[in-house]
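# Topology and contacts: notes
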Amino acid sequence: MGGFLTGFLKNRKRERLRSARFPDEWLCILKARVPLFHRLNEVDQVELMWRIQVFVREKQFEGCGGLEMSDELRVTIAGHGCLLLLHRDVDFYPLLYSVLVYPSAFLVPVNQQSDEIGGVVHEGSDLLCGEAWPTGAIVLAWDEVCRASSDDHDGTNVAIHEFAHLLDMEGGAADGTPILGNSDDYSRWAEVLSAEYRHLRRANRRGRRTVLDQYGTEDPAEFFAVVTETFFENPIEMKLRHPSLYQTLMAFYRQDPSRWRSGVDRRTIS
Ligand SMILES: [Zn+2]
């Protein structure tokens, strides 16, 4: 009952925010820091602004390594995260409690044991620009978020990448399969994504570059995060070269970024 009431009140607060005014300063931040915003139609822009208001109010943001938290960081990060939720009747990253932001790449201790019995434990540290934790946090390097979002056509975007990992984790283990609509979707998903994953690994072994970033060859979870970045940032080429993959992601995200307004026009006008 308590859970039902909490959910009811939460939904009511969220619905109230639909009529709340989106602050002018936030709109300036959104236009400057989330270039993909310009490519959405007006209906989607309104939905995105509503989702950002919910996200910023419900999630905790924390500046790390001396970085001071500000609306610029909150709105930019929420803007990228909420882009993946548009048109979808889903909760706002229910696993996510906290967004941690460092000024730049951050060191993460690595402690990996090999699969063999009595295998060697590798210890050390990795320099990362983003990380998603199943325990309820994402960690981002602010300079990398800005760099990635300043070019909305290069196919890479660290914020979108980490939010895709969160969606993947909602489906259980981070294995490249988020929660899908029905059981038929799972077999189609497995068929298309594993074929494309094998294809990317083969291309990588042969030294061939594709529209998908080679980092996607790491494992199926990274593959899903990488193809999500490409789907939003380089949709036309992805649709052309990987039509089945594009269609599968289009069905999942309920969006067709290849039909968005062209960001190129905006840049060539000036
Ligand atoms: Zn990743």
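Bear in mind that the values here come from a model prediction, so they are computed numbers and not experimental data.

### Notes on the coordination of the zinc ion
Taken together, H161 (NE2), H165 (NE2), E222 (OE) and E222 (OE) make up the protein donors of the zinc ion, found 2.0 to 2.7 Å from the metal. Every donor counted, the four donor atoms about the zinc ion form angles of 53 to 144° at the centre, which fits irregular coordination. Look at where the donors of the zinc ion fall in the sequence and you get H-x3-H-x56-E. Linking H165 in helix α6 (residues 158-170) with E222 in helix α8 (residues 220-233), this pair joins segments that are 57 residues apart in sequence. By relative accessible area, which is 7% here, H165 ends up buried.

### Some points on α8
Taking 1.5 Å of rise per residue, the 14 residues of α8 would be expected to cover 20 Å, and the 20 Å separating its terminal C-alpha atoms lies within 8% of that figure. Burial analysis of α8 places 13 of its 14 residues in the buried class, which makes it a mostly covered element. The distance from a side-chain oxygen at the start of α8 to the backbone nitrogen of A221 is 3.0 Å, and the residue carrying that oxygen is D219.

### Thoughts on the environment of E233
On the secondary structure map, E233 appears in helix α8. With a relative accessible area of 1%, E233 lands in the buried category. As a C-alpha pair, E233 and N157 span 76 residues in sequence and 7.9 Å in three-dimensional space. Not counting the four nearest positions on each side in its chain, E233 is found in contact with L36, A148, D151, D152, H153, D154, G155, T156 and N157.

### Section: a positive patch on the surface
Together, R198, R201, R202, R205, R206 and R208 make up a region of like positive charge exposed at the surface. Here R198 lies in helix α7 (residues 183-205).

### Some words on the side chain of D256
For D256, the location among the structural elements is in the loop between α10 (243-253) and α11 (263-269). One polar contact links D256 to Y246, side chain to side chain, over a distance of 2.6 Å. Within the structure, D256 has its side chain in polar contact with the side chain of S258 (distance 2.6 Å). Sequence-distant contacts of D256, defined by excluding residues within four places in its chain, comprise K239, Y246 and M250.

### A short note on the nonpolar core
Soluble, globular proteins show a tendency: their nonpolar side chains are buried together. I52, L83, L84 and Y253 are the most contacted members of the largest nonpolar core, which has 67 residues in total. Apart from residues lying up to four places away in sequence, L84 is in contact with Y93, I160, F163, A164, L167, T228, F232 and Y253. L100, F106, V108 and V139 belong to the second-largest nonpolar core, a separate cluster that totals six residues.

Basis of the calculations
- Every chain begins its residue count from 1, and numbering advances along the sequence as written.
- Reporting in this predicted model follows two pLDDT cut-offs: at least 70 for local features of residues, and 80 or more for side-chain atom pairs to be given and counted; totals over whole chains, interfaces and linings ignore these cut-offs and use all residues.
- Side-chain descriptors were evaluated using all non-hydrogen atoms of the structure, hydrogens and water having been removed beforehand.
- We call an atom a donor if it is N, O or S and sits within 2.8 Å of the metal, or 3.2 Å for Na, K and Ca. Water is not counted, so some sites may look partial.
- Note on geometry labels: four donors, all angles 85 to 135 degrees, give tetrahedral; four donors become square planar and six octahedral when opposite donors are over 155 degrees apart and every other angle is between 65 and 115; remaining cases are irregular.
- Note on conventions: DSSP H or I runs of at least 4 residues are helices, E runs of at least 2 residues are strands, and numbering of each starts at the N terminus.
- For each residue, the accessible area found with a 1.4 Å probe, counting protein chains only, is set against the maximum for its type, and the residue is called buried under 20%, exposed over 50%, and partly exposed in between.
- Here a helix's expected span is defined as the number of its residues, less one, multiplied by 1.5 Å.
- In protein, a polar contact requires one atom able to donate a hydrogen and another able to accept it; more generally it is a pair of N or O atoms within 3.5 Å, and residues adjacent in sequence count only if both atoms are side-chain atoms.
- In this analysis, two residues are considered to be in contact whenever any of their non-hydrogen atoms come within 4.5 Å of each other.
- Patches were defined on residues exceeding 30% relative accessible area and lacking a salt bridge, with like-charge contacts within 9 Å and nonpolar side-chain contacts (Val, Leu, Ile, Met, Phe, Trp, Tyr) within 5 Å.
- For accessible areas, the Shrake-Rupley method is used with a probe of radius 1.4 Å. Any residue's cover is judged against the shown protein chains and nothing else.
- For this document, the term salt bridge refers to a Lys or Arg side-chain nitrogen within 4 Å of an Asp or Glu carboxyl oxygen.
- Residues scored as charged are limited to Lys and Arg (positive) and Asp and Glu (negative), so that His and the chain ends carry no count.
- To locate a charge, the coordinates of NZ of Lys, CZ of Arg, CG of Asp or CD of Glu are taken.
- Among the buried residues, those of types Ala, Val, Leu, Ile, Met, Phe, Trp, Tyr and Cys that are joined through side-chain atoms within 4.5 Å form a nonpolar core.

Any functional reading would require information that these geometric values do not contain.
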